[in-house]
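Fold and contact review
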Amino acid sequence: MKNFFATYRRPLALILAFILMGGLLVYTRMQTSLFPEITFPKIKVIADNGLQPVDKMMVTVTKPLELAIKKIQNLQMIRSTTSRGSCEISAFLNWGANIDLGMQQINERIAEIRSSLPPDVQITVEKMNPSILPVMGYALESNTLTPIELKLLALYTIRPYLAQVPGVSQIQIMGGRTKEYWVTLHPERMTALHLTPAAVAQTISKTNFVLANGYVADYHRLYLSVTNDNLVNLTQLQHIVIANSGKRVVYLQDIADVSVHEAIEYTRINANGHSAVLIGVIKQPNANLIDVSNQVEARVKSLQQLLPPGVKMVPYYIQADFVHDAIHSVTDALWIGILLAIIVAILFLRSGKASATLLVTVPITLALTLMVLYAVGYTFNIMTLGAMAAAIGLIIDDAIVVTEQIHRTGEEHPDVDYPTLVKKAIQYLFPAMVASSLSTIVIFIPFGFMSGVAGAYFQVLANTMIITLVCSFLVTWMGLPVIYLLFSRKKRKQVPAQKVVKTQRWVQFFLKHVWVSVGFCLLLAALIFWVLPRLGTGFLPDMDEGSIVLDYTSPPGTSLDETDRMCRQVEKIIMSTPEVESYSRRTGTQMGFFITEPNTGDYLISLKKNRKRTTEQVIDDIRKRIEASLPALRVDFGQVITDMLGDLTESTQPIEIKVFGNDPAVLHQIADSVAYWTSTVPGTADVFDGIVIAGPSVDVRPRADVLAQYGLTPADLQFQLQTQMQGTVVGQVLDQEQMTDVRMIYPHPMQRSVADIRHTEIFLPDGTLKPISSFASVSLQPGSAEIQRENLQTVDIVTARLNQRDLGSVMRDIQARISQHVVLPQGYHIEYGGSYAQQQRSFHELLLILITAGLLVCCVTAFMTRNLWVSLSILLIAALGTAGCILALWITGTPLNVGSYTGIIMIVGIIGENAIFTFQQFHQRFTETHDVDEALVYAISTRLRPKLMTALGAIIALMPLALGIGVGAQLHQPLAIAVIGGFIMALPLLLMVLPSWLKLIYHRQTA
């Protein structure tokens, strides 16, 4: 074949230039997000049926819905929580299932049983994805506007203005007060006029309407006839006619005070110590987070000029800041690693031309990688960038091997021109290049079989690694020789041939003393078996997000005012923490899609960027101070994105102990015991027994016979009681593009006590009053516990978080204490869920991936070497190389998690890649000399420089990630540490053990 690189040098150079420009263009257009856009297979159903008791909700709503949802395809697990008046059902589908089809099937199944459910039940179905939570949050504060005016401003000025930003899905408004028209009845006036609340409500409901009467044709025109009794203001509402006896017209204002009032809401919203309206920006699933955030911030700045005096919007959470910092940190680690690795190569090669070739080759490889990632729909995120940063060592490895071979060939053949020189080097290396590239590519193929959230994210990392390595091979094979020729003179200087290979005598020592290599292998095997059980384990690598989610619950039945008072004390602790920048608080509601009681809520705390303590240390400090000052308040800490991932998967907590059984009372006893023994294990925090008690209730039991005697029904009694305590919505008024409720209510509804209820009076049909004691009994009932079920079986779930210990060791201690101290009755059993269950599943899959990757590398080397014993030897060396990974993790105190496990798998391919080049050099020399020892010494001496260059280059390239410098770098720190440890251990294995085993194999075969 004619010299391809010389013939097509200019066209190839043009293609490389286009690739570089295309990469720069794609770099400016790729979307940015923290994590890859993946579909979480979770659908949540929430049913609301007023204030029905728990047991009735379970029978009439929860169980029928569970049985209906159970019939859908690809259902993996169903979990439900039933509380007073509501139930929450989570349907978990198989990963990879069509979530939209699953949601459609759930809606269809619910529609089939709709007629058998209570008529007033309201059902909401949502598929869970990261876009259900706000990515930006602003607090709307004012010293001049009322809470009603502030909320109206947010609803009708700010929300439409911000919703115009492309990529915004929803503007969420929380807080403030809802405007209502209150009709506050005067019972004594109504009695004097023989009026009842029912009559007043009926009269109001029969007014305030616009209805069509029909069409009228007159003089060839068609008119629509309407009856218009529409009310548009407070004055018209006050003048509704309630009765007209012929002697007197009774208006609504005669028997009630009609006024604008704040609606009764059992929520409190606070930001930075002030009551506020919270404005949350929710982006569309595929929108670019950074672009949306920048455009919203620009809108907010322009909006400040349109707001009334004394009103301001203060940010309390901007997710894009963390994402930008995380992406920036990983990108910095990528470029610093490239620069350091190239410096190492320059120091070894001592050639300006070879160094310049590397400087150009690596950016072109990255540019081609970006173009392919863009074409397949990937984004800039912490997984794709992390994969590219982790692959930098391999990219530079490929480039160094080819550049060094061209450089060495030039030293061996000084009389050959540059095109011929490049052709010789590539022809010599090409078989090994193919085999070595395949050995690192094939190890990532089995990641496609990994399941769960770890599989979803690390499949993206593996796919990015495959794309990067394929691009590296193509650029190194086709592009690097052209780049080298472009930097070369037309004619070479004639210099005498040099002895380029310096014989390394120490190799002969290990060839003569094979037992040293055998002993070293046994030592590594012993290290693996000794260190591995002592190595801490985790699930996903941790990140320091700089934000905290604090969930809290006051004792069951605590009033909203008392819960608010306790929260004010918590806020003093939060604001006295020097690392805290801002916070927002919700009481009676939460971020996300949950059932929330009035005594429950959460904080979102943003920390300062420049702080001395980590987020976990700040959490530990705030936790201790809250537990010391407010022991009755149950708290649970987490970080925003980690908590979000938990909400989207099976569990929000790393530790989850599920107690299954039939009797709720026995389950509560066991769960309480499990929680106690869990709390005694060092390294646990925020331990919760899973028992949620709804507040106590006042039970009013009507006497139907007595009510019937006076012409009343139990429904009439309930209507009057509701009107007295909470009010009854009897109509709506069109008011500035919104419908405002008209609520009929008694004076001072929020000040009524249990004693007031016992002494309240009920209207009879003739307008007279009679004590409620004549019609019903009033008693106090204790609160009832929520009922949790998993796959239609009752369960209590004990949860806890980790504190300064790894997941694996904590779970071992918990399992030991529970098995020792907790006795389970017959028919009851315990399962361990949470991050631990996901970790065990992922570790099992990763072990299979590791074995499969090793076998694939063995197949590649077997095709390359055409010698089964050699390929098995390389596989064994690669397996022993994992000892370096494990030892590095143990020395640095890094747990074995999905990230570090991935690094261990990578090392198998990397060692296989390097072994292929060594074997190629040995085999060629052996065919020439037929002397095993001499060929081995020559091969090791020849490959020593490129091996040291690639190892040091890869180690230094990964060092920024391994040090965990910057936001988000911690996610890939375990992987980088494991790979660095493997590279270090690979050097003695490849330089000392591999030649010894090759000597044994070839001496045996030649004998």
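Residues numbered from 1 in each chain as written. Predicted model: local features only at pLDDT ≥ 70, side-chain atom pairs only at ≥ 80, totals over all residues. Heavy atoms only, no water.

Our focus in this paragraph is the overall build of the protein. Helices and strands together make up the secondary structure of the protein, namely 30 helices and 31 strands. Each principal axis of the C-alpha atoms in the protein carries an extent, and together these give about 130 × 80 × 55 Å. In the protein, the share of contacts with a sequence separation of at least 24, taken over all contacts with a separation of at least 6, comes to 80%. Charge-centre separation for the protein: the mean point of 78 positive side chains lies 11 Å from the mean point of 78 negative side chains. (Helix = DSSP H or I, 4+ residues; strand = E, 2+ residues; numbered from the N terminus. Contact = heavy atoms within 4.5 Å. Lys, Arg positive; Asp, Glu negative; His and termini not counted. Charge placed at Lys NZ, Arg CZ, Asp CG, Glu CD.)

A common way to express how large an interface is: the accessible area buried when the components associate. On domain assignment, one finds that the protein holds domain 1 (1–30 + 351–488), domain 2 (42–127), domain 3 (504–534 + 867–1006) and domain 4 (547–694 + 787–829). Each of domain 2 and domain 3 has a C-alpha centre, and the two are 54 Å apart. (Domains from an automatic or database assignment.)

The terminal C-alpha atoms of helix α28 (residues 898–929) lie 47 Å apart, and with 32 residues this matches the ideal 46 Å at 1.5 Å per residue to within 8%. In terms of burial, α28 is a largely internal element, 26 of the 32 residues being buried. The backbone nitrogen of Gly899 has a side-chain oxygen 3.0 Å away, supplied by the residue at the start of α28, namely Asn897. Positive phi appears at His930, one or two residues downstream of α28, with a value of about 60 degrees. (Expected span 1.5 Å × (residues − 1). Buried < 20%, exposed > 50% of the residue type's maximum accessible area, 1.4 Å probe, protein only. Polar contact = N/O pair within 3.5 Å; in protein donor to acceptor, adjacent residues only side chain to side chain.)

Sheet strands pair via backbone hydrogen bonds, and the direction of the pair is either parallel or antiparallel. Spatially, 4 strands are ordered β12-β7-β25-β24 in an open sheet, and the strand pairing comes out mixed. Looking at which strands have only one partner, the edges of the open sheet turn out to be β12 (256–262) and β24 (728–734). With strand direction ignored, the average angle separating the axes of adjacent strands in the sheet is 25 degrees. (Pairing = 2+ DSSP bridges. Axes fitted to C-alpha atoms, helices over the stretch in contact; angles between N-to-C directions.)

Attention now moves to the side chain of Thr384. Tracing the backbone shows Thr384 in helix α13 (residues 382–412). At a separation of 2.9 Å, a polar atom in the side chain of Thr384 contacts the main-chain carbonyl oxygen of Thr379. Aside from chain neighbours lying at most four places away, what touches Thr384 is Tyr378, Thr379, Val460 and Thr464.

As a further point, take the side chain of Asp686. When you line up the elements, Asp686 lands in strand β22 (residues 684–688). Look at Asp686 and you get buried, because its relative accessible area is 8%. Separated by 2.8 Å, the side chains of Asp686 and Arg623 make a polar contact. In this structure the side chain of Asp686 is engaged in a polar contact, spanning 2.9 Å, whose partner is the backbone nitrogen of Phe637. Not counting the four nearest positions on each side in its chain, Asp686 is found in contact with Arg623, Val635, Asp636, Phe637, Thr799, Ala800 and Arg801.

Considering soluble globular proteins, one finds that nonpolar side chains tend to be buried as a cluster. Grouped together as the largest cluster of nonpolar side chains are 218 residues, with contacts concentrated most on Leu140, Met313 and Phe922. In this structure, Met313 is in contact with Tyr138, Ala139, Leu140, Ile158, Leu162, Ile279, Val300, Leu303, Gln304 and Leu307, ignoring residues within four places of it in sequence. (Core = buried A, V, L, I, M, F, W, Y, C linked by side-chain atoms within 4.5 Å.)

Okay, unusual backbone geometry next. With phi around 60 degrees, Asn208 is a residue other than glycine that occupies positive phi space. Residue placement: Asn208 occurs in the loop between α7 (197–205) and β8 (210–218). Of note, the phi angle at Asp686 is positive, near 55 degrees, even though the residue is not glycine.

A few words on the sheet that holds strand β5 (residues 136–142). The sheet built from 4 strands is open, its strands ordered β6-β15-β5-β16 with antiparallel pairing. With partners counted over all chains shown, the strands left at the sheet margins are β6 (168–175) and β16 (311–318), one partner each. Going from strand to strand, the sheet's axes swing by 25 degrees on average, the running direction of each strand aside. With 7 bridges joining them, β5 and β16 adopt antiparallel strand pairing. Its bridge partner being in β16, Leu140 is matched across the sheet by Met313. Its contacts with the sheet put helix α5 (residues 147–163) on β5, β6, β15 (277–283) and β16, and the angle it makes with β6 is roughly 170 degrees.

Further remarks concern the pairing of strand β17 (residues 547–553). Residues in a regular strand project their side chains so that they alternate between the two faces of the sheet. Counting buried positions along β17 gives 7 out of 7 residues, so the element sits mostly inside the fold. Pairing of β17 with strand β20 (residues 634–638) involves 5 bridges; the strand directions are antiparallel. Across the sheet, Val549 pairs through a bridge with Gly638, a residue of β20.

What follows covers the packing of helix α12 (residues 352–375) against α13. Pairs of packed helices are described in terms of their axes, by the angle between the two and the distance that separates them. Their axes nearest at 10 Å, the elements α12 and α13 cross at an angle of 135 degrees. The orientation of α12 with respect to α13, classified from their angle, is oblique. By crossing handedness, the relation of α12 to α13 is classed as right-handed. Contact residues: α12 offers Ala354, Thr357, Leu358, Thr361, Val362, Thr365, Leu366, Thr369, Leu370 and Leu373, while α13 offers Met388, Ile392, Ile395, Ile396, Ala399, Ile400 and Thr403. Grouping the constituent residues of the contact of α12 with α13 by class yields 12 nonpolar, 5 polar and no charged. (Parallel < 35°, antiparallel > 145°, perpendicular 65-115°, else oblique. Left-handed = near helix turned anticlockwise from the far one by under 90°. Nonpolar A, V, L, I, M, F, W, Y, C, P; charged D, E, K, R; others polar.)

On to the environment of Ser205. With respect to the helices and strands, Ser205 occurs in helix α7. Between the alpha carbons of Ser205 and Gln738 there is a distance of 18 Å; along the sequence they are 533 residues apart. Polar contacts involving the side chain of Ser205 include one to the main-chain carbonyl oxygen of Gln202, which spans 2.8 Å.

Here the focus is the packing of aromatic side chains. Counted by the stated rule, this structure contains 17 aromatic pairs. Of the aromatic side chains, those joined through ring pairs into one cluster are Phe919, Phe922, Phe926 and Tyr1002. Between the NZ or CZ atom of Arg925 and the centre of the ring of Tyr938, over which it lies, the distance is 4.1 Å. (Phe/Tyr/Trp six-rings, centres within 6.5 Å; stacked < 30°, edge-to-face > 60°. Lys NZ or Arg CZ within 6 Å of the ring centre and 35° of its normal.)

Our focus in this paragraph is the environment of Asn791. In this structure, Asn791 sits in the loop between β29 (787–790) and β30 (793–802). Not counting residues up to four positions away in its chain, the partners in contact with Asn791 are Lys70, Gln76, Met77 and Ile78.

With that out of the way, let us pick up the packing of helix α3 (residues 54–69) against helix α4 (residues 99–113). Where α3 meets α4, the axes come as close as 9 Å, and the angle between the chain directions of the two elements is 130 degrees. What the angle tells us is that α3 and α4 run oblique. Crossing of α3 over α4 shows right-handed handedness. Here Pro64, Leu65, Ala68 and Ile69 of α3 come into contact with α4, specifically with Ile106, Arg109, Ile110 and Ile113. Taken together, the residues of the contact of α3 with α4 break down into 7 nonpolar, no polar and 1 charged.

Attention shifts here to a nonpolar patch on the surface. A contiguous nonpolar patch, built from Val210, Tyr215, Leu222, Leu224 and Val226 and spanning about 530 Å² of accessible area, is present on the exposed surface. Secondary structure elements with two or more residues in the nonpolar patch: β8 and β9 (221–228). If you tally residues by element for the nonpolar patch, the top one is β9, at 3 residues. Take Val210: its relative accessible area is 45%, and that puts it in the partly exposed class. (Patch = residues over 30% accessible without salt bridge, like charges linked within 9 Å, V, L, I, M, F, W, Y side chains within 5 Å. Areas by Shrake-Rupley, 256 points an atom, 1.4 Å probe, with all protein chains shown as cover. Salt bridge = Lys/Arg side-chain N within 4 Å of Asp/Glu carboxyl O.)

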